[in-house]
Amino acid sequence: MLCNQTCSICLTKMKQGGGHAIFTAECSHSFHFHCIASNVKHGNQICPVCRAKWKEIPMQSPSLDPPLGRVAVNPVGWPQNDALMTVVRRLPPPRRDLSRRHVVPLFQAPEPGIFNDDESLDHLPVVAESTNASDNSSLRTIEIKTYPEVLEAPRSSSYDNFMILVHLKAAATVANQSSSRNHASLPQLYQNPRAPVDLVTVLDISGSMAGTKLALLKRAMGFVIQNLGSNDRLSVIAFSSTARRLFPLRRMSDVGRQQALHAVNSLVANGGTNIAEGLKKGAKVMEDRREKNPVASIILFSDGQDTYTVTGAGANKSQPNYQLLVPLSMHGSDNTGFQIPVHAFGFGADHDASSMHSISEISGGTFSFIETEAVLQDAFAQCIGGLLSVVVQELQVGVECMNPSLCLGLLKAGSYPSRVAGDGKTGVIEVGDLYADEERDFLVSVKVPAESSECETSLLKVKCVYRDPLTKEMTTLESDDVRIRRPEVAGQEVVSIEVDRQRNRFQAAEAMAEARMTAELGDLPGAVSILENCRRVLSETVSAKSHDRLCIVLDAELKEMQERMASRHVYEASGRAYILSGLSSHSWQRATARGDSTDGSSLVQAYQTPSMVEMLTRSQAMLLGSPSTQRLVQPVWSLGSQPKPR
């Protein structure tokens, strides 16, 4: 019956007498009239569900135009009682060509040659979105912990690869220390001191985005717009065969939100997929801006493959040069860290996961795989939940040998740039930004010689240098010396479970990377075997035998990857993207959307921070139709702060 059907545009239930007209097309699919009218008003005559071409399409009658100051339709399918709609309803009417009675597309508006028209930050308070005047400087720091592989080693023993874990944790924000927050309060998520953000969204509006995909993208963008603060600035770039800046870098005040929503609602799907042009425009917005907020980032969204700059590699061709897609200003620097990270979101089975992952890796961002349409908004929510909670910037981690006879080996830092000095006595890891409550774990290998008479060996010291994004002040923190006891005869070695746990994580990530390379060469059975061997090795480790939860998670993740390599078709459709989003998450130690879930109950979903979880909760409450009805996400465990069984 109709009351059980769901409108494929806005994904809410349809029922007669519910206050909305219902349109049933000649292909028998039904939609809310206002949803489908909005979908076809630019000439689209194809059913969003079955792609059948219609002879008759619903047209919004001029008599249905709302009063001045109100929009004609619910543009992206938000529930009518949603608090966000109170903003949408206040939007001024779109510009119209009175002779033809249609909306003038923003693509027809002139675009300046230089994007130096960003809204000024003059007269803004130093502390963004603050309602708490107390001194929070003590909260904005980093906790350093170190764990040697074993606490004591015989004097006569030497080690070529002695492991030391460096564990860092950023402080929590004020908001995360209060459990009495009202999740339904709009428009601000954070009512605490935080660093304001400059965010540029680069959105794919190629022909394949027509229908439900574009409607859901608009809804997800509406969520982002609504949850940015009045000191945050947003710019919108749309690309298909070409790219266009639809919305300049503007503060998300009430007026700014209204204008941004108008720009997003003007999006129409057509044309090809030119990712390079989209990123070029996004980089130009960042480069040309006259003023800069402390945090800057780009969100890239695409459901297709770039057909203008790079082409897919054939069986006998080399790997495409994905660096051509990324403007030079987005490339990482060994000296200054990453300047403009691109957080890339690949949507569906047809996007080019390899290119999207490469773009994120080159720029220092993350790659998320959105397998199903329902997860799109949650994926965006998780990302901005992090971006809106940056508490540390330009973090540089230094390690120094404290004994002249010691020498550094490898620094296991994932995708973070790292280097060891020529004399092997010092090393540096460039970490960059940390979100509130984020943790980082690095393994430092040291060559430890035998001792002749000393009862203790000093190994190394850790030093962190970082900038506070609000005060701009540089801070230096040092750890205590890492030492091990050197008895003449040591008892039974007790391996640190903290070190063993992180060694397993790095080993699993290396197996994922190797399996992916093997799969790309066409050897899926070989790739599955690599993952199976890794699972077997991990099961024999100290942490696995202690039922360490990270080991359970890694095993579940490796098993899921094996299943997504069941056939070439499955691998092409989802396996490659799933593995790459997992690699991105582990290499940056940052949460990504993977497959069809960003839910904290998923075993393979790790690295979420409380700020991300809070934003996800808000997103899911909105998707359910009312902020008062919330499917709460339980905060997930952290890879560094979980219980440590002995």
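Please read all numbers here as calculations on a predicted model, not as lab measurements.

Asker: Got a minute to help me understand the overall build of the chain in this structure?
Answerer: Within the chain, the regular secondary structure consists of 13 helices and 20 strands. Relative to its 646 residues, the chain shows a buried fraction of 56%. For the chain, the exposed surface amounts to about 26,500 Å²; the carbon and sulfur share of it is 51%.

Asker: Can you walk me through the pairing of strand β19 (residues 474–478) in this structure?
Answerer: Consecutive residues of a regular strand have side chains that alternate between opposite faces of the sheet. Note that strand β18 (residues 456–467) and β19 share 5 bridges and pair antiparallel. Considered in β19, the bridge of Val465 is made with Thr476. What sits between β18 and β19 in their antiparallel hairpin is a turn of 6 residues, with Lys472 showing a positive phi close to 70 degrees.

Asker: Sorry, what's going on with the nonpolar core here?
Answerer: Grouped together as the largest cluster of nonpolar side chains are 53 residues, with contacts concentrated most on Leu199, Leu217, Phe301, Leu376 and Phe380. With 8 residues, the single largest contributor to this core is helix α3 (residues 212–227). Apart from residues no more than four positions distant in its own chain, Leu376 is found in contact with Leu216, Leu217, Ala220, Phe301, Phe347 and Ile370. The next biggest cluster of nonpolar side chains, apart from the first, holds 52 residues, and it includes Val200, Val310, Leu524 and Leu531.

Asker: Sorry if this is basic, but what is going on with the confidence of the model for the chain here?
Answerer: Caution applies to low-pLDDT parts of the model: their predicted coordinates are not meant to be read in detail. Here the chain averages 80 in pLDDT, while 73% of its residues score no lower than 70. Scored below 50 in pLDDT, residues 60–107 shows 92 contacts in the model against residues more than four places distant or in partner chains. pLDDT under 50 marks residues 334–338. Its contacts with residues more than four places away, or in other chains, come to 12 contacts.

Asker: Mind showing me how you'd approach unusual backbone geometry here?
Answerer: Trans peptide bonds make up the majority, and among non-glycine residues the majority have a negative phi. With a phi angle near 70 degrees, Asp437 is a residue other than glycine that sits in the positive phi range. Within the secondary structure, Asp437 is located in the loop between β16 (426–435) and β17 (439–448). Judged by relative accessible area, which is 16%, Asp437 ranks as buried. Residue Lys472 is not a glycine yet carries a positive backbone phi of 70 degrees. Mapped onto the elements, Lys472 comes out in the loop between β18 and β19.

Asker: Honestly, the sheet that holds strand β14 (residues 407–412) in this entry has me stumped. Any pointers?
Answerer: Strand-to-strand pairing in sheets goes through backbone hydrogen bonds, with the strands running parallel or antiparallel. Read from one edge of the open sheet, 4 strands run β5-β6-β17-β14, paired in antiparallel fashion. Of all strands in the sheet, those bounded by a partner on one side alone are β5 (142–148) and β14. Looking at each pair of strands side by side, their axes are set apart by 25 degrees on average, direction ignored. Relative to β17, β14 is paired through 4 bridges, and the arrangement is antiparallel.

Asker: Looking at this model, I keep getting lost on the side chain of Arg467. Mind explaining?
Answerer: Relative to the helices and strands, Arg467 is located in strand β18. Taking relative accessible area as the criterion, Arg467 reaches 16% and is therefore assigned buried. Look past the residues within four positions of Arg467 in its chain and what remains in contact with it is Val392, Gln393, Glu394, Lys472, Glu473 and Met474.

Asker: I tried to follow the packing of α3 against helix α13 (residues 610–623) on my own but got confused; where do I start?
Answerer: Relative orientation and spacing of two packed helices are given, respectively, by the angle between their axes and the distance between those axes. Closest axis-to-axis distance for the α3/α13 pair is 12 Å, and the angle between their directions is 130 degrees. Overall, the two elements α3 and α13 adopt an arrangement that is oblique. The element α3 and its partner α13 pack so that their crossing is right-handed. Residue-level inspection shows Arg219, Phe223 and Asn227 of α3 in contact with α13, the latter providing Met615, Arg618, Ser619, Met622 and Leu623. When its residues are assigned to classes, the contact of α3 with α13 shows 4 nonpolar, 2 polar and 2 charged.

Asker: Where do I start with the pattern of salt bridges in this structure?
Answerer: Proximity of charged atoms lets side chains of opposite charge pair with each other. All chains considered together, the criterion is met by 33 salt bridges. Its salt-bridge partner being Arg485, residue Glu152 comes within 3.3 Å of it at the nearest N-O pair. Here Glu152, found in the loop between β5 and β6 (159–170), pairs with Arg485, found in strand β20 (residues 482–485); they are 333 residues apart in sequence, far enough to count as distant. The exposure class of Glu152 is partly exposed, given its relative accessible area of 24%. By relative accessible area, which is 43% here, Arg485 ends up partly exposed. One salt bridge connects Arg590 with Glu438, and the closest N-O pair in it is separated by 2.7 Å. Here Arg590 is found in the loop between α12 (568–588) and α13, whereas its partner Glu438 is found in the loop between β16 and β17, with 152 residues between them in sequence.

About the criteria used
Every chain's residues receive numbers from 1 upward, in the order its sequence appears when written. Reporting of local features is limited, given that this is a predicted model, to residues whose pLDDT is at least 70; pairs of side-chain atoms are given and counted only at 80 or more, and all residues count toward the totals for whole chains, interfaces and linings. Calculation of side-chain values draws on the structure's entire complement of heavy atoms; hydrogens and water are dropped beforehand. Labels follow the DSSP assignment, with helices taken as runs of H or I lasting at least four residues and strands as runs of E lasting at least two, numbered in each case from the N terminus. Burial status follows relative accessibility: with a 1.4 Å probe on protein chains alone, a residue under 20% of its type maximum counts as buried, one over 50% as exposed, and anything between as partly exposed. Throughout, the Shrake-Rupley method with a 1.4 Å probe supplies accessible areas, and for residues the shown protein chains are the sole cover considered. By the convention used here, strands pair only if DSSP detects at least 2 bridges between them. Throughout this description, the term nonpolar core refers to a set of buried Ala, Val, Leu, Ile, Met, Phe, Trp, Tyr and Cys residues connected via side-chain atoms within 4.5 Å. Any pair of residues with heavy atoms lying within 4.5 Å of one another is described as a contacting pair. pLDDT is defined as a per-residue confidence score from the predictor, taking values between 0 and 100. To get an axis, a line is fitted to the C-alpha atoms, and for a helix only the part in contact is used. The angle between two axes follows their N-to-C directions and goes from 0 to 180 degrees. In this scheme, roughly parallel covers angles under 35 degrees and roughly antiparallel covers those over 145, while 65 to 115 is roughly perpendicular and the rest are oblique. Should the near helix be turned anticlockwise from the far one by less than a right angle, the crossing is termed left-handed; should it be turned clockwise, right-handed. Any residue that is not Ala, Val, Leu, Ile, Met, Phe, Trp, Tyr, Cys, Pro, Asp, Glu, Lys or Arg is counted as polar, Gly included; the first ten are nonpolar and the last four charged. Basic side-chain nitrogens of Lys or Arg form a salt bridge, by our definition, when they fall within 4 Å of a carboxyl oxygen of Asp or Glu.

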